[in-house]
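Understanding the architecture of this molecule
Listed below, chain by chain, are the residues.
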Amino acid sequence: MSGQQTAAQAARRGDWTADEMMSVAAARALRDGTACFVGIGLPSTAANLARRTHAPSLVLVYESGTIGAKPGWLPLSIGDGVLAETADAVVGVPEVFNYWLQPGRIQTGFLGAAQIDRFGNINTTVIGPDYRNPAVRLPGAGGAPEIAASCREVIVIVRQSRRTFVERVDFVTSFGYGGGPGDRERLGLRGSGPVLVITDLGVLEPDPGTCELTLTRLHPGVEVERAREATGWDLAVSSQVEASPPPTATELDTLRALEGATRRQP
Amino acid sequence: MAEVVSLREAVAELVHDGDTVALEGFTHLIPVAAGQEIIRQGRRGLTLVRLTPDIVYDQMIGAGCARKLVFSWGGNPGVGSLHRFRDAVQNGWPVPLEIEEHSHAGMANRYVAAASGLPFAVLRGYVGTDLVAHTPTIRPITCPFTGEVLTAVQALDLDVGIVHAQRADREGNVQLWGITGVQKEAVLGARRSLATVEEVVDQLQPKPGAMVLPSWTVSCVAEVPGGAHPSYAQGYYERDNDYYRAWDPISRDRDAFTEWLSTQVLASKAAT
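Here the structure is a predicted model, which means the values were calculated and not measured.

Rules and cut-offs
Residues numbered from 1 in each chain as written. Chains lettered and ligands numbered in written order. Predicted model: local features only at pLDDT ≥ 70, side-chain atom pairs only at ≥ 80, totals over all residues. Helix = DSSP H or I, 4+ residues; strand = E, 2+ residues; numbered from the N terminus. Rg over C-alpha atoms; globule rule 2.2 N^0.38 Å. Buried ≥ 20, exposed ≤ 12 C-beta atoms within 10 Å, placed from the backbone. Contact = placed C-beta atoms within 7 Å. Domains from an automatic or database assignment. Pairing = 2+ DSSP bridges. Axes fitted to C-alpha atoms, helices over the stretch in contact; angles between N-to-C directions. Parallel < 35°, antiparallel > 145°, perpendicular 65-115°, else oblique. Core = buried A, V, L, I, M, F, W, Y, C linked by C-beta atoms within 7 Å.

What to know about the overall build of chain B
If you tally the helices and strands in chain B, you get 9 helices and 13 strands. A globule of 272 residues ought to have a C-alpha radius of gyration of about 19 Å, and chain B, at 18 Å, matches this closely. Looking at the 272 residues of chain B, the share that counts as buried comes to 55%. A sequence separation of at least 24 residues applies to 75% of the contacts in chain B between residues at least 6 apart.

Structure, rendered in structure tokens:
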């Protein structure tokens, strides 16, 4: 109970971090009763928070083949034992991609990014212009290219900075809107692509006409200018930028309890 | 029928310089002890294949076993980068490392094609990504029934598939459960195969969701308790997250890695 009081006081005082606001905003975007393909890190935090708050019937699918996982803490890896032990079904990796992701059974794909560009294309492969001789070698694609293509919609969660929000990604690992309207349709991609980019500063959404990522929402205390400064292109700003409601005491308490349970794991 | 032998004998018999080798395990049941035995036996010029090369591949690459890596996600899960892998790609240390890069869906299908005895597999994948331009084993293909353009990926051509499992019986029938990744495909898709197991038992007991690789599909079985550490073996031990975190500073530094290699791997004997 003291934890709840602390969270309530923290919520009243606005005593939360930008990362907590980002996780809360991302969790709110997930609808109850839908299935969500979850990556490790920020997406997993947000999806598990959603399942504990407004979306108890959210189905978490991890690429390790654990379908309907209900972990009691945040797994360090995509295939921790707690995911298999709590899942509705455990299937092989070919099956999770071929039978479950590919036909469009999964509503939301939840991705992170090392770089993201104006049209929501994502790079997690290399930094620098030369693939064979990269400035930085990143982990690579994992499940992301097909998640970005085949989930009915994609939500990206990523901290906003000029290093990450670039005019053009150095390498297209996961296709967003390519160069603009019509590119997804021309390529035959079935999902609708990135519908929300949730950052520690606010939320960007593709413009319905141009597909360009546009600032539509700011988290409490963040000015438009700060979002512009953290973006490597001339950021389009909606004429009606909304304000994200701050984290509630329940959201904050649940998020902190989840992270606390994670820290107590060996 | 699988031969039940020691790990040292199995690696000596099955893994040769220049082979294409997959040590599979999707976070769970990673055949770490087998990888370290390959290091100890000084194999060179290997093409290493795996969806998720993690720290045992970082160790094998840093030890100079590999000339090529075929993969879809290379990292230390939940921790960060594989620094020996990065050093090999960016600086050619200790030897240059060629890479062939895919997505998980593509790699999984390459295993399925290999296990199915087909030259390629078909999927909806890679469209619009820059992977297509850099990876010759990804090609467009037209459906003969609908005319739709899909993606073909070439079957993996594996000399050796290596997995770790919970247990085997004395005839060499291998049983594994929990997250099973592409282990079945890695064994059935390879010319030779090795299963290291936590224990050899008189009789396999049924387990929910378990898969059995019959003895006649596996070349060698070796009993290696703890052979998946620091990954986990469901029902036997948990993932050693501290080891994954501790690996980061070791792998960042060539001297620290070299010291680790000589004291922790080369100086020790194979478990069995």
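There is more to say, and it comes next.
Some points on the overall build of chain A
The secondary structure content of chain A amounts to 9 helices and 15 strands. At 18 Å, chain A has a C-alpha radius of gyration in line with the 18 Å of a compact globule built from 266 residues. C-alpha atoms of chain A, sized along the principal axes, occupy 50 × 45 × 35 Å. Here chain A holds 266 residues, and the buried ones make up 55% of them. Counted over contacts in chain A with a minimum sequence separation of 6, partners at least 24 positions apart contribute 68%.

A closer look at the domain arrangement of chain B
Domain parsing of chain B yields domain 1 (3-102 + 156-266) and domain 2 (118-154). Taking only C-alpha atoms, the centre of domain 1 of chain B and the centre of domain 2 of chain B are 29 Å apart.

Things to note about the sheet that holds strand β7 (residues 122-123) of chain A
Residues and elements named next belong to chain A. The 3 strands lie next to each other as β7-β6-β11, forming an open sheet whose pairing is mixed. Edge positions in the open sheet fall to β7 and β11 (165-166), since each of these has one partner strand only. Taken together, the 2 bridges between strand β6 (residues 115-117) and β7 define a ladder with antiparallel strand orientation. Paired with Q115 across the bridge in β7 is N123.

Observations concerning the sheet that holds strand β6 (residues 120-123) of chain B
Sheet strands pair via backbone hydrogen bonds, and the direction of the pair is either parallel or antiparallel. All names here are of chain B. Read from one edge of the open sheet, 3 strands run β6-β8-β7, paired in antiparallel fashion. Across the chains shown, the open sheet's two edge strands, defined by having one partner strand only, are β6 and β7 (138-142). When the angles between neighbouring strand axes are averaged without regard to direction, this sheet yields 40°. Here helix α5 (residues 104-116) sits on the sheet in contact with β6, β7 and β8 (149-154), set at roughly 140° to β6.

With respect to helix α2 (residues 32-40) of chain B
Residues and elements named next belong to chain B. The buried fraction of α2 amounts to 7 of the 9 residues, a majority that puts the element mostly inside the structure. Of the positions making up α2, those classed as buried are V32, A33, A34, G35, Q36, E37 and I38. Considering only its buried residues, α2 is in contact with α1 (7-14), β2 (20-23), α3 (55-62), β9 (158-169), β11 (190-201) and α9 (254-266). Positive backbone phi, at 70°, marks G42, one or two positions downstream of α2.

Considerations on the packing of helix α2 (residues 18-28) of chain A against helix α9 (residues 249-263) of chain A
Residue and element names in this part refer to chain A. Contact geometry of α2 with α9 gives a least axis separation of 11 Å together with a crossing angle of 105°. Between α2 and α9, the crossing angle belongs to the class labelled roughly perpendicular. From α2, E20, S23 and V24 reach across to α9, where they touch E251, L252 and L255.

What about the pairing of β6(B)?
Residue and element names in this part refer to chain B. Judged by which residues are buried, β6 turns out to be one-sided: A121 and L123 face inward and are buried, whereas F120 and V122, on the alternate face, are not. Here β6 pairs with β8 via 4 bridges, running antiparallel. Bridge assignment links F120 to a residue of β8, and that residue is Q154.

Things to note about the nonpolar core
Ranked by internal contacts, the top residues of the largest apolar core, which has 162 residues, are A:C36, A:V61, A:V156, A:I157 and B:A195. Here the element with the most residues in this core is α5(B); it accounts for 8 residues. The contact partners of A:C36, leaving out residues within four places of it in the chain, are A:L30, A:A47, A:L58, A:V59, A:L60, A:V61, A:Q107, A:T108 and A:F110.

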